[in-house]
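# Chains, contacts and geometry: an overview
Below, each chain spelled out in residue letters.
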Amino acid sequence: MKVLIMGCGRVGSYIASTLWHDGCKVTIVDSQAESFFLLPTDMRNQGDCTIVGDGVLEEVMRRAGVVESDVFVAVTSQDNRNILATQKAKHLFGVPRVVCRIGDPMRQEVYSNLGLNVVSSTRVASNLILEAIRL
Amino acid sequence: MYIVIVGGGKVGYHLTRALLNAKHEVFVIELDAERVDDLVGRFGNMAIRGDGSEPSILTAAGLTRADIFIATTSFDDANLVACQLAKHRFGVDRTIALMNNPENERLFDILGVDFTVSSTEILLAAIEEDLPAHSNVRILAIHGNRDVVGVEIPPGALVAGTSLGLVGLPEGTKLVAVIGRNGELKQLDDDTVFDVHDEVLGLTAVDQTEAFMEVFTSEE
């Protein structure tokens, strides 16, 4: 399975390394090269897994192999960028499966209703903390 | 009409002035506090500070009752999200987005932004118009993958001297106007004759633009 990930923060790097160790072909894009230090050394040394660039741009997406990708995942910290990139991957490049991280619960609702595969950790994290407070 | 605009920068500001002069009700959402103060100072309580892609701010702007929503920030992703929220969450009939990167045009169109304005495209068209080597220019991109194009009939073109009734236009294209070299608008009927240096305006489907231009510039 070929997976293209936009955003190499804590979430992106964890997803990337997990999938990579599972044997998937992973490419991860981030605008800053330093972000890739969050990846395991052997994955970083692979050479063709990481791409420095703005994952929202068509030419960067193409360079990262979006056309052959089975899955596109947008997990930067910015909702709007994730939303734009995911919809681009889905509607322009026809990537079969896309996952979009959206922090804002209201935006999450709108885009889920629009049929976008959205994952939001904000409510989950908030509820866990509330539980911890109440105990 | 009630019109909500995101972005109180140059574009948003002048747009606001023009719309207010035309007696519309306008509300502006802007991130920069100083700009908001400036707008409120000039026009009254018609601006708030906030991110136009945030549902809560759009609610505060009374977007539900807006007739038109216009996103003019310098960030395409924010403009896109703002327009999608306006359409799908607030039910706004007409959404308009300023698009900074022309490559986003198709996507915006697919995702339901009713009208996109690409400043880059407009500037390019203006530049191309000045280049003598180019005898044709794309004037406007219209929703639904259509272009309005202008082409000047060059010397040596086969169509010069032919009447409209005898000219075959490509499928999906329509002749809008023919302007003579002295600026006169020619009557459009079968007997209208095309002359060198006439400017021909047409409405074409995006993939027929080339073919349309060919009709008026081809020399064989």
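Residues numbered from 1 in each chain as written. Chains lettered and ligands numbered in written order. Predicted model: local features only at pLDDT ≥ 70, side-chain atom pairs only at ≥ 80, totals over all residues. Heavy atoms only, no water.

The next subject is the overall build of chain A. Along the backbone of chain A there are 6 helices and 6 strands. Tracing chain A from N to C terminus, the helices and strands come up as β-α-β-α-β-α-β-α-β-α-β-α. Relative to the globule expectation of 14 Å for 135 residues, the C-alpha radius of gyration of chain A, 15 Å, shows essentially globular dimensions. Each principal axis of the C-alpha atoms in chain A carries an extent, and together these give about 45 × 35 × 25 Å. Across the 135 residues that make up chain A, the buried fraction comes to 48%. Residue pairs in contact within chain A that sit at least 24 positions apart in sequence constitute 49% of those at least 6 positions apart. Here chain A displays about 6,900 Å² of accessible surface, and carbon together with sulfur accounts for 53% of that area. For chain A, the centre of its 14 positive side-chain charges and the centre of its 14 negative side-chain charges are spaced 3 Å apart. (Helix = DSSP H or I, 4+ residues; strand = E, 2+ residues; numbered from the N terminus. Rg over C-alpha atoms; globule rule 2.2 N^0.38 Å. Buried < 20%, exposed > 50% of the residue type's maximum accessible area, 1.4 Å probe, protein only. Contact = heavy atoms within 4.5 Å. Areas by Shrake-Rupley, 256 points an atom, 1.4 Å probe, with all protein chains shown as cover. Lys, Arg positive; Asp, Glu negative; His and termini not counted. Charge placed at Lys NZ, Arg CZ, Asp CG, Glu CD.)

With that settled, the discussion passes to the packing of helix H1 (residues 10–21) of chain B against helix H2 (residues 33–43) of chain B. Residue and element names in this part refer to chain B. At their nearest, the axes of H1 and H2 sit 12 Å apart, and the two run at 15° to each other. Our classification of the angle between H1 and H2 gives roughly parallel. Once H1 is placed against H2, the crossing between them reads as right-handed. Across from Tyr13, Thr16, Arg17 and Leu20 in H1, the residues of H2 making contact are Leu39, Arg42 and Phe43. In terms of residue class, the contact of H1 with H2 is built from 4 nonpolar, 1 polar and 2 charged. (Axes fitted to C-alpha atoms, helices over the stretch in contact; angles between N-to-C directions. Parallel < 35°, antiparallel > 145°, perpendicular 65-115°, else oblique. Left-handed = near helix turned anticlockwise from the far one by under 90°. Nonpolar A, V, L, I, M, F, W, Y, C, P; charged D, E, K, R; others polar.)

Okay, the side chain of Ser35(A) next. All names here are of chain A. With respect to the helices and strands, the residue Ser35 is situated in the loop between strand S2 (25–30) and helix H2 (41–45). Overall, the relative accessible area of 15% leaves Ser35 in the buried class. Within the structure, the side chain of Ser35 is placed 3.1 Å from the side chain of Asp30, a separation counted as a polar contact. Sequence-distant contacts of Ser35, that is, excluding residues within four places in its chain, are made with Cys8 and Asp30. (Polar contact = N/O pair within 3.5 Å; in protein donor to acceptor, adjacent residues only side chain to side chain.)

A word on the pairing of strand S5 (residues 94–99) of chain B. Residue and element names in this part refer to chain B. Of all 6 residues that make up S5, 5 are buried, and the element is covered over most of its length. Sheet topology note: the strand S4 (residues 68–71)/S5 ladder contains 4 bridges and is parallel. Within the sheet, the bridge partner assigned to Ala71 lies in S5 and is Ala97. With respect to chirality, the unit in which S4 leads through helix H4 (residues 76–88) into the neighbouring parallel S5 is right-handed. A crossover links S5 with its parallel partner strand S6 (residues 115–118), the connecting element being helix H5 (residues 105–110), and its sense is right-handed. (Pairing = 2+ DSSP bridges. Right-handed = clockwise from strand over helix to strand, strands pointing away.)

Split into domains, chain B comes out as domain 1 (2–118) and domain 2 (131–217). On a C-alpha basis, the centres of domain 1 of chain B and domain 2 of chain B stand 35 Å from each other. (Domains from an automatic or database assignment.)

All names here are of chain B. Of note, Thr72 is situated in the loop between S4 and H4. Of note is the side chain of Thr72, whose polar atom sits 2.8 Å from the backbone oxygen of Val6. In this structure the side chain of Thr72 is engaged in a polar contact, spanning 3.3 Å, whose partner is the backbone oxygen of Gly7. Every residue in contact with Thr72, bar those within four places of it in the chain, is listed here: Ile5, Val6, Gly7, Val11, Gly12, Leu15, Asn79 and Leu98.

This brings us to the interface of chain A and chain B. Facing the 16 residues of chain A at the interface are 19 residues of chain B. Counting the surface lost from both chain A and chain B, the interface buries some 1,700 Å², and carbon and sulfur atoms represent 62% of this. Taken together, the connections running from chain A to chain B amount to 2 salt bridges. Between Arg107(A) and Glu54(B) there is a salt bridge, and its shortest N-O distance comes to 2.3 Å. (Buried area = accessible area lost by both parts, 1.4 Å probe. Salt bridge = Lys/Arg side-chain N within 4 Å of Asp/Glu carboxyl O.)

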